[in-house]
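# Overview (structure and organization)
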Amino acid sequence: MTPERPDLSPQSTPPVTIYDIAEVAGVSPSTVSRAFSRPDRVSFTTAEKIRTIAAELGYRSTLETRNTVSQNKDVIGFIAADLRNQFFVEILRGASHAGWVEDVWVHASDVQESGIKARTAIEKVLPHVDGLILASSRLTNADIQKIARTTPTVAVNRPVPGVPSVLVDNYDGAIRLANHLADQGARSVTYLSWPSDSWADSMRWRALRDTFDGNGNDDTPLITRYKPGQSGQSGATERKASVKLNKIQLSTPDIRGGQEAFQQWKKHPTDAVVCFNDLSAAGFHYQATMENIAIPEDVLIAGFDNIEVASLASPRITTVAGPLRAVGRVSAANLIALIRGVKKPLTKPRVLPTRLIVRGSTLRAETARAETR
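Right, let's walk through the structure included here. Only a predicted model underlies this, so the values are computations on that prediction, with no experimental measurement involved.

### Some words on the overall build of the chain
The helix and strand tally for the chain stands at 13 helices and 12 strands. Counting across all 373 residues of the chain, residues that qualify as buried make up 53%. Considering only residue pairs separated by 6 or more positions, the chain has 71% of its internal contacts joining residues 24 or more positions apart.

What follows is the structure, encoded as structure tokens:
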């Protein structure tokens, strides 16, 4: 009698259960269940391990999340605070370049400086991407940490505990700018701030206060998880002669905001104005010129970011430049590596250096003439 062959059809293979996955992963069945039904309650590393093992064992469930290994989309989301600002466009270009190298598409969303719009954009884009780059997000640290537990995430321009981040050394750049203004004779400085809970804003304000022995307004809570000078540049500076330090809150971080801030500044004018970004510096510069305030004779003006508008004004605007495209490339490269399991999340922020670009808006007449020769 011919022995009966075993039935090797798919029906004879028992389905893979969460208990099988739990045994291989070395976790409890309840943890496996949460990884699929409540991923926000499981660490990202554990959830990814469970999903990988589930895919290898052939487990399929209607509750499987969008980020399983078998569902990679080769798309990452770029959530920008304001794409009208060339600052974010340059970072996006760097991220897109890194994406093209790895055959990954970068999808950008402009949330117009709104935390509400940021949340909505993230909810809409998550089913279609493998990871997120959050560029100067106005979300809270807790919100970003919750997102990062279920989706690979990199934060740009702010440190978030437990989340990979890429920063420029705002503190060191502001220190250099403050010393330059003092060397040019400024004995009173106004800082145009935006927004009050921004990490970059806090580091710049801190640098100004650390440089000057003035009576600055100390109403901005400092974010101290990041240690100034981590980029390797010199964060130390000698105290300058007593400089009075004031602050004005911008209504918007753009040209219009700078124009409106000028109206407040002229009620209590100072020798120099440091603006949150080049857009607001351009607005302040334009309004000062319209009202016959001589630059730099009557007021020194400086900004941050080194975007094109800063070099179009006359005189051109002094600025603190960060390597914006490098920020985008590094952010995207780290995110792609994280998605593909090539590397673990960075435990410390990646800090890139800044440089001070001195132009006519902060050079007194003799030096400014030398610059134009």
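### A short note on the sheet that holds strand β5 (residues 165-168)
Reading across from one edge, β2-β1-β3-β4-β5-β11 is the order of the 6 strands in this open sheet, with parallel pairing throughout. The sheet terminates laterally at β2 (105-110) and β11 (350-352), the two strands that pair on one side only. The mean inter-strand angle of the sheet, taken between neighbouring strand axes irrespective of direction, is 20 degrees. Two elements, β5 and β11, share 3 bridges in a ladder whose sense is parallel. Within β11, the residue paired with V166 across the bridge is R350.

### Description of the packing of helix α9 (residues 255-265) against helix α10 (residues 278-290)
For any two helices packed against each other, the geometry is given by the interaxial angle and the distance between the axes. One way to put it is that α9 packs onto α10 with a least axis distance of 6 Å and a crossing angle of 50 degrees. Compared by their axis directions, α9 and α10 come out oblique. Considering the relative orientation of α9 and α10, their crossing is right-handed. Taking contact as the criterion, the partners of I255, G258, Q259, A261, F262, Q263 and W265 in α9 are, on α10, L279, S280, A282, G283, F284, Y286, Q287 and A288. Across the contact of α9 with α10, the residue classes break down as 9 nonpolar, 6 polar and no charged.

### Examining helix α1 (residues 18-25)
Three or more residues of α1 are buried, namely I21, A22 and A25. Burial along α1 is one-sided: seen end-on, the buried residues are contained in an arc of 100 degrees. Those residues of α1 that are exposed and angled more than 90 degrees off the buried face are Y19, E23 and V24.

### Some words on unusual backbone geometry
Glycine aside, residues mostly have negative phi angles, and peptide bonds mostly take the trans form. With an omega of 10 degrees, the peptide bond between I295 and P296 qualifies as cis. Structurally, P296 is set in the loop between α10 and β9 (300-304). In this model, S314 is joined to P315 through a cis peptide bond whose omega is 0 degrees. Tracing the sequence through the fold places P315 in the loop between α11 (309-312) and β10 (318-321). Residue N292 is not a glycine yet carries a positive backbone phi of 60 degrees. Here N292 lies in the loop between α10 and β9. Phi angles above zero are rare outside glycine, and N306 is one such case at about 60 degrees.

### Re the nonpolar core
Counting 47 residues, the largest nonpolar core has V189, L192 and F212 as its most contacted members. When residues of this core are traced back to their parent elements, those giving at least two are α7 (170-183), β6 (188-193), α8 (199-211), β7 (244-249), α9, β8 (272-275), α10 and β9. By residue number, the principal contributor to this core is α7, which donates 7 residues. Grouped together as the second largest cluster of nonpolar side chains are 29 residues, A81, V104, V166 and A332 included.

### Looking at the packing of α7 against α8
Two elements in contact, α7 and α8, have axes whose closest approach is 8 Å; the angle formed by their N-to-C orientations is 40 degrees. Our classification of the angle between α7 and α8 gives oblique. The way α7 lies across α8 gives a crossing that is right-handed. The residues of α8 that touch α7, namely those facing N170, Y171, A174, I175, A178 and N179, are W199, A200, M203, R204, R206, A207, L208, D210 and T211. Classifying every residue of the contact of α7 with α8 by side-chain character gives 9 nonpolar, 3 polar and 3 charged.

### Things to note about the pairing of β9
With 5 of its 5 residues buried, β9 lies for the most part within the structure. Neither face of β9 is exposed, since L300, A302 and F304 on one face and I301 and G303 on the opposite face are all buried. Relative to β9, β8 is paired through 3 bridges, and the arrangement is parallel. What sits directly across from V274, in β9, is A302. Each parallel crossover has a hand, and the one from β8 via α10 to β9 is right-handed.

### Overview of the sheet that holds strand β12 (residues 355-357)
Spatial strand order, β7-β6-β8-β9-β10-β12: 6 strands in an open sheet with mixed pairing. A single partner strand is all that each edge strand has here, and the edge strands are β7 and β12. Sheet twist, expressed as the mean angle between neighbouring strand axes with direction ignored, is 20 degrees. Of the pairings in the sheet, the one linking β9 to β10 comprises 3 bridges and is parallel in character. Looking across to β10, one finds that G303 is bridged to T319. Of the strands in this sheet, β8, β9, β10 and β12 are in contact with α7, which crosses β9 at around 170 degrees.

Calculation notes
- Residues numbered from 1 in each chain as written.
- Predicted model: local features only at pLDDT ≥ 70, side-chain atom pairs only at ≥ 80, totals over all residues.
- Heavy atoms only, no water.
- Helix = DSSP H or I, 4+ residues; strand = E, 2+ residues; numbered from the N terminus.
- Buried < 20%, exposed > 50% of the residue type's maximum accessible area, 1.4 Å probe, protein only.
- Contact = heavy atoms within 4.5 Å.
- Pairing = 2+ DSSP bridges.
- Axes fitted to C-alpha atoms, helices over the stretch in contact; angles between N-to-C directions.
- Parallel < 35°, antiparallel > 145°, perpendicular 65-115°, else oblique.
- Left-handed = near helix turned anticlockwise from the far one by under 90°.
- Nonpolar A, V, L, I, M, F, W, Y, C, P; charged D, E, K, R; others polar.
- Arc of directions from axis to C-beta.
- Core = buried A, V, L, I, M, F, W, Y, C linked by side-chain atoms within 4.5 Å.
- Right-handed = clockwise from strand over helix to strand, strands pointing away.

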